[in-house]
Amino acid sequence: MPRDGRSVGERHRGGVIKTENINHEFLDAVLDGSQVDVYYHFGVASDDPILDRLRGVRAIIMAGSGDRIKEFAERWSAMSGDPHIVAFPKEDRFVTRYTGGVLFCSHGMGMPSASIAVQELMRMAYFLKRGDLVALDDVFWARVGTSGGVGLPGGTIVVSEAGVMPDLQPYRLMQGGLGTYWFDGGFPAQTRADILAANADSDLSIVEGKTIATNEFFLEQFRLDGAIRLETAQTKQEFLEWLHANGVRNIEMEGAMLAAYLNSWGFSSFAMICAVLLNRLEGDQVTATSEELHRFSEYSGDVLFAYLQQRLLSS
Ligand code: URA
């Protein structure tokens, strides 16, 4: 188990599903039918016939809000020409839609919530692909979200190079007395390049950079407008400038965990595409109008769909 804290990207090999990190004891029992897997937060189980309709999944797209998932699925249904949209029955935690070979799922806010969605989706993907590692690795994963920009104006799109925590180190978990389990936060370079190429004709401002994921919207993002305040205008400015000098271009709340978990199985193709809602060097409050916010988040959808179209529809 990696406990060494090597820097982000060093452990990212890409292209090879690392079978030693798959929980074979549990997941292979699901495949041979001796164990039913209950994807509790999605309200479905591995013996539910609804999953047979998802066997052809080629991409799993996540976003924070359920309404965005419904919009994305409608849009992809029209683009892919698949009139059928499958919905899981339970929606009180995560909203899920499947159409045209793409599974769209909401993940809520923050890494504790999103980690539940990601773990259950990885289990589900393994089941849907019947443990075939080549088919599994052909699945593209993405989070499409919103973020605070570091030196970037609202409306900019950031394609993440790496997802790190606010200390610029990758995601890690405390394991009681056993120490700290470190993950790799790199996002695959080839996927980023393909996303940029698919959007080469776009008028949008699209940049690459590191993204930090925090466990708190106010304090860990050095906001001065929380109910509790720990920072001064000066320490906030110093923090944001330090982030910028180290290549960070945006701040959100899920990417470090997402990269960590997908890297732990060695998926070769995954990305995070976030719209910037505000430039944190200029303020803390999200003051954009609801029309502007909707437009900004549409931009990240535009970048995603240009790539999905090329990857899934042009062959
Ligand atoms: N999401 C965040 O986590 N932070 C922001 O500033 C904006 C969106």
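Residues numbered from 1 in each chain as written. Predicted model: local features only at pLDDT ≥ 70, side-chain atom pairs only at ≥ 80, totals over all residues. Heavy atoms only, no water.

### Some details on the overall build of the protein chain
Part 1 of the argument: Scanning the protein chain from terminus to terminus reveals eight helices and 13 strands.
Part 2 of the argument: In terms of overall dimensions, the protein chain has a C-alpha envelope of 60 × 50 × 35 Å along the principal axes.
Part 3 of the argument: Expressed as a percentage of the 315 residues in the protein chain, the buried residues total 52%.
Part 4 of the argument: The long-range share in the protein chain, meaning contacts at least 24 apart out of those at least 6 apart in sequence, stands at 78%.
Part 5 of the argument: Only carbon and sulfur atoms are counted for the fraction: they give 51% of the accessible area of the protein chain, which is about 13500 Å².
Part 6 of the argument: Put simply, the protein chain has 28 plus and 41 minus side-chain charges, and the middle of one group is 2 Å from the middle of the other. (Helix = DSSP H or I, 4+ residues; strand = E, 2+ residues; numbered from the N terminus. Buried < 20%, exposed > 50% of the residue type's maximum accessible area, 1.4 Å probe, protein only. Contact = heavy atoms within 4.5 Å. Areas by Shrake-Rupley, 256 points an atom, 1.4 Å probe, with all protein chains shown as cover. Lys, Arg positive; Asp, Glu negative; His and termini not counted. Charge placed at Lys NZ, Arg CZ, Asp CG, Glu CD.)

### Things to note about unusual backbone geometry
Part 1 of the argument: The backbone of Leu-168 sits at a positive phi, close to 70°, despite the residue not being glycine.
Part 2 of the argument: One can find Leu-168 in the loop between strand S8 (157-164) and strand S9 (172-174).
Part 3 of the argument: Even without glycine at this site, Phe-222 takes up a positive phi of about 55°.
Part 4 of the argument: Note that Phe-222 resides in the loop between strand S11 (206-213) and helix H6 (233-245).
Part 5 of the argument: With relative accessibility at 17%, the residue Phe-222 sits in the buried group.

### Some words on the pattern of salt bridges
Part 1 of the argument: Under the criterion given, the structure shown has twelve salt bridges.
Part 2 of the argument: In this structure, Glu-252 engages Arg-143 in a salt bridge whose closest nitrogen and oxygen atoms are separated by 3.0 Å. Residue Glu-252 is located in strand S12 (residues 248-252), and its partner Arg-143 is located in strand S7 (residues 140-149); the two are separated by 109 residues in the primary sequence. Of the two residues, Glu-252 and Arg-143, neither departs from the other in class, the shared state being buried.
Part 3 of the argument: For Arg-143, the salt bridge identified is with Glu-254, shortest N-O distance 3.1 Å. (Salt bridge = Lys/Arg side-chain N within 4 Å of Asp/Glu carboxyl O.)

### Here we look at the environment of Phe-267
Part 1 of the argument: The topology assignment puts Phe-267 in the loop between helix H7 (255-265) and strand S13 (270-279).
Part 2 of the argument: Looking at Phe-267, the relative accessible area reads 0%, which means it is buried.
Part 3 of the argument: Put simply, Phe-267 and Lys-90 are 177 residues apart on the chain and 28 Å apart in space, counted from C-alpha to C-alpha.

### With respect to the site of the ligand
Part 1 of the argument: Taken together, Thr-146, Ser-147, Gly-148, Phe-217, Gln-221, Arg-223, Ile-251, Glu-252, Met-253 and Leu-278 make up the full set of residues adjacent to the ligand.
Part 2 of the argument: At 2.9 Å, a side-chain N or O of Gln-221 approaches a nitrogen atom of the ligand.
Part 3 of the argument: Residue Arg-223 places a side-chain N or O atom 2.7 Å away from an oxygen atom belonging to the ligand.
Part 4 of the argument: Protein contact buries 93% of the 240 Å² of open area that the ligand shows by itself.
Part 5 of the argument: At the level of secondary structure, the elements contributing two or more residues to the shell around the ligand comprise S7 and S12.
Part 6 of the argument: The biggest single contributor to the shell around the ligand is S7, with three residues. (Near = heavy atom within 4 Å. Polar contact = N/O pair within 3.5 Å; in protein donor to acceptor, adjacent residues only side chain to side chain.)

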